[in-house]
Structures are given as C-alpha cells and as structure tokens.
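# A closer look at the structure
Next come the chains, spelled out residue by residue.
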Amino acid sequence: MRILVTGGAGYIGSHTVCQLIARGHEVTVFDSLVYGHRQAVPAERLVVGDLRDIDHVDNLLVVNRIEAVIHFAAFAYVGESVTNPAKYYTNNLLYSLQLLDRCRRVGVQKFVFSSTCATYGEPQKVPITEDEKQLPVNPYGNTKLALERALSDYASAYPFGYCALRYFNAAGAAEDGSIGEDHNPETHLIPIVFQAAMGKRAHVEIFGTDYPTPDGTCIRDYIHVDDLALAHILALDKIAPGTKLAYNVGIGRGYSVREVIRGAEEVSGLKVPVKEGPRRAGDPPSLVANAEKIHRELGWKPKYADLRAILETAWRWHKSHPNGFGE
C-alpha cells in the first residue's frame with residue numbers, strides 16, 4: 001500500500017514507519033522536524049515540510065498516488081495547550097482539517113488518526129472503555145476530539161473511512177535500540193526517570209503523593225511504542241469507505257509513578273533521585289485502558305505486556321543514546 005505518514009519522524013511515527021517498511025509498504029514520511037528527528041527514518045523516505053503548506057501536501061498525495069494516510073503530526077504538550085491554545089487549534093485542528101479535505105479531493109479513502117485518551121478527560125470509570133463520555137479538560141484533548149468528530153462526519157458523507165486510536169502512555173524503544181524516545185522538552189515519565197538515573201537531571205519530581213491509589217501516586221497504563229505501531233498497521237486493513245472505528249490502545253494494567261521509578265532502578269542498577277511535590281492541576285488519579293475492543297476486532301495483542309519488559313527496551317535506548325538523536 002502507498003502510505004503517507006505525517007509526523008513520521010516523531011517518536012511513535014518513526015516506529016510505525018519502521019514496521020510499515022518491514023512489511024513491504026511504500027512509505028512517504030512528511031515531517032517538519034520541529035519535534036521529529038531526521039535520523040529516526042530512512043533519508044530516502046523523508047520529505048521535510050509543514051502541514052500549513054497544503055499545496056505541498058496535495059502534490060505528495062497526487063504524485064505518490066497515496067492510498068492511505070496515517071496522521072501523527074500534532075503538538076502534544078498539554079500545559080502549553082492551556083497557555084497557548086491558538087497554537088494547538090491552528091496546528092492540530094485547522095491544518096489537520098486541510099489535510100483531511102485534500103485527502104477527500106484526491107480520493108484517499110483510508111485515514112488512521114493518532115488520537116489520545118486525553119479526549120476522555122477525567123473518566124468516571126476505570127478501566128476506560130470506548131463508550132466512556134469524551135469530556136476533555138484541556139485544549140490539546142479538545143483539538144483531538146474535534147478532529148475525531150470531523151472524521152466521523154466525513155465518513156458519513158464521502159467515500160472515506162477512518163480509525164482513531166486513543167493512546168494511553170506510549171513508552172519504550174525499538175528492540176534493537178536503534179530508535180527511541182527523544183523529546184525537547186522531555187515531559188514523559190520514563191525518559192525523565194532514566195535521565196535522572198544517569199545524572200542528566202537533578203531528580204524526578206513526583207507530582208502528588210496523596211492520591212487515592214495504593215501508594216498515593218498517579219497510576220497510568222504504559223503501552224510499548226512498537227505495540228502501538230502495530231495497532232496502526234492492523235487498523236489500515238480494517239478500514240473501508242464508511243468505516244468509523246475508534247479503539248483504546250493500552251495494556252489494560254496501570255502502574256504508579258513509584259512503581260515506574262522502582263522498576264527503572266532495577267533495570268538500570270542505578271539510583272533515581274526523587275523530589276516530592278504537590279499535585280498538578282488536572283492529573284486524574286488513574287488512567288487505565290480497557291482494550292478488549294481492539295483485541296476482539298483487530299486481533300491486536302501487545303507483545304510487551306508488563307512494565308519491566310517496556311523499561312528494558314527504554315533503558316537500552318537511553319544507555320546507548322544518552323543524548324538521544326543528538327549523538
């Protein structure tokens with residue numbers, strides 16, 4: 001299949017590109033490199049550009065005879081979305097809608113969307129099923145939900161189908177350590193923990209120790225990035241005109257902040273310095289996926305089904321690339 005992957009040089013995108021190529025797909029990566037990394041994807045697959053240049057996007061769709069789009073390109077810093085919502089509505093929603101409409105015009109009928117569990121906001125039930133009310137509590141979640149709704153309307157009106165994958169906490173790195181997680185600024189817990197273990201930051205701050213959880217810290221569902229990549233590939237085969245799919249992607253088990261820190265210490269053999277701080281506004285005590293629907297309908301099953309296995313791949317990457325792709 002001829003596939004355009006927007007944001008394909010980013011963390012989840014690059015792992016998906018790797019798997020798509022391994023399966024024989026013709027992949028074009030489109031990335032601005034604002035947050036992505038040139039070294040994360042094969043040079044011959046990469047086209048550097050910005051979604052705002054819709055004529056460039058249109059040309060790629062036509063010249064490469066694209067049959068499907070996997071859309072990762074988005075800004076994803078929740079705190080920044082609160083202080084600068086215009087940036088997020090413009091990039092995550094407006095430019096995505098432009099992309100969606102060009103897909104319609106040139107006849108692309110398959111669209112896989114990188115959505116998020118942030119569309120649920122603070123859920124009433126955990127584990128979270130796909131029929132949980134979607135009530136985002138920040139602009140980032142709002143932009144993702146708005147595009148999910150636009151996709152649904154397009155699939156109703158045009159010869160077009162989509163799948164929205166609602167990620168929980170992506171983690172880990174490629175098995176061979178060739179690519180992994182490298183954000184600037186880094187806000188994800190696991191790389192922050194390993195950076196602290198290696199002395200690249202002073203400490204890990206635990207935001208809140210008085211949550212109604214077994215050890216008082218927040219619980220999250222960590223899903224290995226390669227398992228997440230596989231979900232996109234399986235979704236492609238399921239989509240047809242009129243298809244409207246949405247799946248949670250997680251392992252269905254949560255781990256607390258303290259459990260992540262303890263696991264990282266065991267895997268690395270290093271001590272992680274910790275500082276305890278107050279809660280952050282808007283952090284739910286627990287976010288865990290009910291992923292039975294994607295198991296049942298796509299046959300998806302995570303290879304990395306526990307935290308230690310995920311941490312081992314992450315540590316392999318951080319140990320061999322202490323400066324990320326900067327080395």
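In this text the structure is predicted, and so the values were computed from the model without any measurement.

Parameters at a glance
Residues numbered from 1 in each chain as written. Predicted model: local features only at pLDDT ≥ 70, side-chain atom pairs only at ≥ 80, totals over all residues. Heavy atoms only, no water. Salt bridge = Lys/Arg side-chain N within 4 Å of Asp/Glu carboxyl O. Helix = DSSP H or I, 4+ residues; strand = E, 2+ residues; numbered from the N terminus. Axes fitted to C-alpha atoms, helices over the stretch in contact; angles between N-to-C directions. Parallel < 35°, antiparallel > 145°, perpendicular 65-115°, else oblique. Left-handed = near helix turned anticlockwise from the far one by under 90°. Contact = heavy atoms within 4.5 Å. Nonpolar A, V, L, I, M, F, W, Y, C, P; charged D, E, K, R; others polar. Patch = residues over 30% accessible without salt bridge, like charges linked within 9 Å, V, L, I, M, F, W, Y side chains within 5 Å. Areas by Shrake-Rupley, 256 points an atom, 1.4 Å probe, with all protein chains shown as cover. Buried < 20%, exposed > 50% of the residue type's maximum accessible area, 1.4 Å probe, protein only. Polar contact = N/O pair within 3.5 Å; in protein donor to acceptor, adjacent residues only side chain to side chain. Phe/Tyr/Trp six-rings, centres within 6.5 Å; stacked < 30°, edge-to-face > 60°.

## Concerning the pattern of salt bridges
Taken as a whole, this structure holds 15 salt bridges when the rule is applied. Here R258 makes a salt bridge to E276, at a shortest N to O gap of 2.9 Å. Residue R258 is found in helix 8 (residues 257-268), and its partner E276 is found in strand 13 (residues 274-277); the two are separated by 18 residues along the sequence. Among the ionic pairs, E266 bridges to R308, the shortest N-O distance being 3.6 Å.

## Points about the packing of helix 6 (residues 189-197) against helix 10 (residues 307-320)
Contact geometry for helix 6 and helix 10: axes closest at 10 Å, N-to-C directions at 55°. By the angle between their directions, the pair helix 6 and helix 10 is classed as oblique. You can see that helix 6 and helix 10 cross each other, and the crossing is right-handed. Listed contacts from helix 10 to I190, P191 and F194 of helix 6 are L311, A314, W315 and H318. Residues that form the contact of helix 6 with helix 10 fall into these classes: six nonpolar, one polar and no charged.

## A closer look at a nonpolar patch on the surface
Nonpolar side chains collect at one region of the surface, where V62, V63 and V106 lie side by side and expose about 240 Å² of accessible area between them. Along the chain, V62 falls in helix 2 (residues 54-63).

## Details of the environment of E297
Mapped onto the fold, E297 is located in helix 9 (residues 292-298). Take E297: its relative accessible area is 30%, and that puts it in the partly exposed class. Spatially, the C-alpha atom of E297 lies 42 Å from that of E276, the residues being 21 residues apart in sequence. Sequence-distant contacts of E297, defined by excluding residues within four places in its chain, comprise K238, L245 and Y247. Here Y247 takes part through its side chain, which lies 2.6 Å from a polar atom of the side chain of E297.

## Observations concerning the side chain of Q195
Along the chain, Q195 turns up in helix 6. The residues contacting Q195, other than those within four sequence positions of it, are E186, K200 and R201.

## As for the packing of aromatic side chains
Enumeration according to the criterion identifies eight aromatic pairs in this entry. Geometrically, the ring pair formed by Y154 and Y158 is edge-to-face, given 5.1 Å between the ring centres and 70° between the ring planes. A relative accessible area of 33% places Y158 in the partly exposed class. Taken together, Y35, F75, Y77 and Y88 form an aromatic cluster joined through their ring pairs.

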